[in-house]
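So the chains spell out like this:
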Amino acid sequence: MLRKWLIATVPALVVVLLLATGTYYVMNARTFQLAGQLVNRVDTQAKVVALTLDDGPSDRAPEVLRILAEAQVPATFYLNGRDLAAHPEYGKAIAAAGHEIGNHTYSHRRMVFVAPGTVRDEVEGTDAEIRKTGYAGPITFRPPYGKKLWTLPRYLADHDRVTVMWDVEPDSGQARATADDIVTDTVGAVRPGSIILLHVMFGPDRALAAIPRIITELRSAGYRFVTVSDLLSR
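Residues numbered from 1 in each chain as written. Predicted model: local features only at pLDDT ≥ 70, side-chain atom pairs only at ≥ 80, totals over all residues. Heavy atoms only, no water.

K.L.:
Tell me what's going on with the overall build of the chain, and back it up with residues and numbers.
P.N.:
Tallying secondary structure elements over the chain gives 9 helices and 7 strands in all. Looking at the chain as a whole, 49% of its 234 residues qualify as buried. Within the chain, residue pairs in contact and separated by at least 24 positions form 77% of the contacts whose partners lie at least 6 positions apart. Carbon and sulfur atoms make up 56% of the accessible area of the chain, which totals about 11,300 Å². (Helix = DSSP H or I, 4+ residues; strand = E, 2+ residues; numbered from the N terminus. Buried < 20%, exposed > 50% of the residue type's maximum accessible area, 1.4 Å probe, protein only. Contact = heavy atoms within 4.5 Å. Areas by Shrake-Rupley, 256 points an atom, 1.4 Å probe, with all protein chains shown as cover.)

In structure tokens:
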């Protein structure tokens, strides 16, 4: 009896395990999604790199803009609709400074196992807030936590939107990382066409402190900073 139960059950468990593993991989993959265009780095020989800053805007936005202005570096800000609605002055300042603004959903929720209407509302509500800033350029999209499965990529593909991931992520998942660590990890990982992800709007300010040194060291190595859209056009 036990043998028959095992024969019947084990294959089903294997299938479930394989499906769960595959789902987890697709949900978290930086270089693959089930529909539409995904980019985590541009294949180029030119020493260009995109600096991307996720979340917010928050009351740190003026300091971020000051640092970027002093260095004369364009960045791409992936912002949340709810924070833009709460702080329209920061969104307008980012746009006025000439930076690119991307869509990071309205509420920063994980965009997996969600209904099509939820995806539409999260993306389109944020697009509307971005346009209120005065920004008129292309709006690329970055999923919160980098997570996507089927509904989100299908929506983005249907609307000719690019999913922008990253290949350099020095401050995520490293609770004890210092500014020195972030600089070292970034400079060591960057390649021509890299997309750097940093979080500067909330939490510890170590990533913010690292930006001037990252810029200085990469420029010394011959790199030039461009926006994500400029990078994608290569």
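K.L.:
Explain the environment of Ala35 to me, and be specific about the residues and the numbers.
P.N.:
Among the structural elements, Ala35 can be located in the loop between helix H1 (2-28) and strand E1 (37-39). Residues Ala35 and Ala157, 122 residues apart in the sequence, show an inter-C-alpha distance of 6.1 Å. Setting aside chain neighbours within four positions, we find Ala35 in contact with Trp150, Pro153, Arg154 and Ala157.

K.L.:
Describe helix H2 (residues 61-71), listing the residues and the values that go with them.
P.N.:
Within H2, the full set of buried residues consists of Ala61, Val64, Leu65, Ile67, Leu68 and Ala71. Buried residues of H2 fall within an arc of 160 degrees about the axis and therefore sit on the same side. Opposite its buried face, H2 presents the exposed residues Ala69 and Glu70, each directed more than 90 degrees away. Of the surrounding elements, those touching the buried residues of H2 are strand E2 (48-54), strand E3 (76-79), helix H4 (88-96) and helix H8 (206-220). Phi for Gln72, located one or two positions after H2, is positive at around 55 degrees. (Arc of directions from axis to C-beta.)

K.L.:
Outline a nonpolar patch on the surface, listing residues and values.
P.N.:
A surface patch of nonpolar side chains, amounting to about 290 Å² of accessible area, comprises Phe32, Leu34 and Trp150. With respect to the secondary-structure elements, Leu34 resides in the loop between H1 and E1. Judged by its relative accessible area of 42%, Leu34 falls in the partly exposed class. (Patch = residues over 30% accessible without salt bridge, like charges linked within 9 Å, V, L, I, M, F, W, Y side chains within 5 Å. Salt bridge = Lys/Arg side-chain N within 4 Å of Asp/Glu carboxyl O.)

K.L.:
Explain the side chain of Asn103 residue by residue, including any values.
P.N.:
Here Asn103 lies in strand E4 (residues 100-103). Of the polar contacts made by the side chain of Asn103, one reaches the backbone nitrogen of Thr105; its length is 2.8 Å. Aside from chain neighbours lying at most four places away, what touches Asn103 is Tyr78, Leu79, Glu122, Val123, Thr126, Asp127, Ile130, Ile139, Thr140, Phe141, Arg142 and Arg161. (Polar contact = N/O pair within 3.5 Å; in protein donor to acceptor, adjacent residues only side chain to side chain.)

K.L.:
Residue-level account of helix H7 (residues 179-189), with values.
P.N.:
Where H7 is concerned, the buried positions are Ala179, Ile182, Val183 and Thr186. Projected onto a plane normal to the axis of H7, the buried residues spread over an arc of 100 degrees and lie on a single side. Away from its buried face by more than 90 degrees, H7 exposes Thr184 and Gly188. Packed against the buried residues of H7 are strand E6 (195-199) and H8.

K.L.:
Requested: an account of the nonpolar core, with residues and values cited.
P.N.:
If you look at soluble globular proteins, the nonpolar side chains tend to sit buried side by side. If you look at the biggest cluster of nonpolar residues, it comprises 40 residues, and the most contacted ones within it are Leu51, Leu53, Leu68, Phe77, Leu198, Val200 and Ile211. Of all elements in the fold, only E2, H2, E3, H4, H7, E6 and H8 reach the threshold of two or more residues within this core. Examining the composition of this core, we find that 7 residues originate from one element, H8, more than from any other. Residues contacting Leu51, with those up to four places away along its chain left out, are Leu68, Val73, Ala75, Thr76, Ile196, Leu198, Ile211, Phe225 and Val226. With 15 residues, the next largest nonpolar core counts Val42, Val48, Leu197 and Val228 among its residues. (Core = buried A, V, L, I, M, F, W, Y, C linked by side-chain atoms within 4.5 Å.)

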